Amino acid sequence: MTLVTLHRLAPADPNATTCRLCDTPISGTTQDDLLVGQPGVAEVRAVICTRCGDALVRLVEVCGNQLSVLIKGDVLVSGTTSKKSASS
Ligand SMILES: [Zn+2]
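Throughout what follows, the structure given in this document is the object of discussion. Counting restarts for each chain: residues are numbered from 1 in the order of the written sequence. With the structure being a predicted model, the display of local features is reserved for residues of pLDDT at least 70 and the display and counting of side-chain atom pairs for 80 or more, all residues being used for whole-chain, interface and lining totals. Only hydrogens and water are removed before side-chain values are computed, so all heavy atoms of the structure are retained for them.

**A word on the coordination of the zinc ion**
Angles at a metal have ideal values that depend on geometry: 109.5 degrees with four tetrahedral donors, 90 or 180 degrees with six octahedral donors. Heads up, the condition is: In this listing, donors mean N, O and S atoms no farther than 2.8 Å from the metal, or 3.2 Å for Na, K and Ca; water is missing from the atoms, so a site can look incomplete. Note on geometry labels: four donors, all angles 85 to 135 degrees, give tetrahedral; four donors become square planar and six octahedral when opposite donors are over 155 degrees apart and every other angle is between 65 and 115; remaining cases are irregular. Numbering of helices and strands runs from the N terminus, with a helix taken as a DSSP run of H or I at least four residues long and a strand as a DSSP run of E at least two residues long. Note on exposure labels: buried denotes an accessible area under 20% of the residue type's maximum, exposed denotes more than 50%, and partly exposed covers the range between, all computed with a 1.4 Å probe on protein chains only.
Coordination of the zinc ion by the protein involves Cys19 (SG), Cys22 (SG), Cys49 (SG) and Cys52 (SG), with metal-donor separations of 2.3 Å. Between the four donor atoms coordinating the zinc ion, the angles at the centre fall across 107 to 115°, so the site counts as tetrahedral. One chain supplies every donor to the zinc ion, and in sequence these donors are spaced C-x2-C-x26-C-x2-C. Of the two residues, cysteine 19 is situated in the loop between strand E1 (4-11) and strand E2 (30-36) and cysteine 52 in helix H1 (residues 50-63); the sequence distance between them amounts to 33 residues. Both residues of the pair, cysteine 19 and cysteine 52, count as buried.

What follows is the structure, encoded as structure tokens:
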């Protein structure tokens, strides 16, 4: 199982310009980081905006912190489709 850590209000990474989850431009001096791995060796996998950070906090409040996530249904995500069109 993948362990994900949400690091709220981390110092801003100048290379991160948009939220990985919702594509909102990230500005300011802080951001939220999604880290993957065990505590101590976890690495930043994605930079997200504080609104998405809020949504994750609420998801954990609803479900508890031992959740696994399955995605059902065939929903096109703009980030994954643009990658496909960029390579062709
Ligand atoms: Zn976002």
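Moving on from the model shown.
**Some words on the nonpolar core**
Operational definition: Buried Ala, Val, Leu, Ile, Met, Phe, Trp, Tyr and Cys residues that are joined via side-chain atoms within 4.5 Å together make up what is termed a nonpolar core.
Ranked by size, the top nonpolar core spans nine residues in total: Ala16, Cys19, Ile26, Leu34, Ala46, Val47, Ile48, Cys49 and Cys52. Examining the composition of this core, we find that three residues originate from one element, strand E3 (residues 43-48), more than from any other.

**Some points on the pattern of salt bridges**
Where we set the bar: When a carboxyl oxygen of Asp or Glu lies within 4 Å of a side-chain nitrogen of Lys or Arg, that pair is called a salt bridge.
Per the counting criterion, the structure on display carries two salt bridges. For the salt bridge of arginine 8 with aspartate 32, the shortest nitrogen-to-oxygen distance reads 2.8 Å. Of this pair, arginine 8 sits in strand E1 while aspartate 32 sits in strand E2, and the two are 24 residues apart along the sequence. Owing to a relative accessible area of 0%, aspartate 32 belongs among the buried residues under this scheme. Aspartate 54 is paired through a salt bridge with arginine 8; the nearest N and O atoms lie 2.9 Å apart. Here aspartate 54 is found in helix H1, whereas its partner arginine 8 is found in strand E1, with 46 residues between them in sequence. Residue class for aspartate 54 comes out partly exposed when judged on its relative accessible area of 36%.

**Section: the side chain of glutamine 31**
So the rule is basically this: What qualifies as a polar contact is a pair of N or O atoms within 3.5 Å, subject to a donor-acceptor requirement within protein and to the restriction that residues adjacent in sequence count only when both atoms come from side chains. In this analysis, two residues are considered to be in contact whenever any of their non-hydrogen atoms come within 4.5 Å of each other.
Within the fold, glutamine 31 resides in strand E2. Separated by 2.9 Å, the side chains of glutamine 31 and aspartate 33 make a polar contact. Sequence-distant contacts of glutamine 31, defined by excluding residues within four places in its chain, comprise His7, Arg8, Leu9, Ala10, Pro11, Ala12, Asp13, Ala16, Ile26, Val47 and Ile48.

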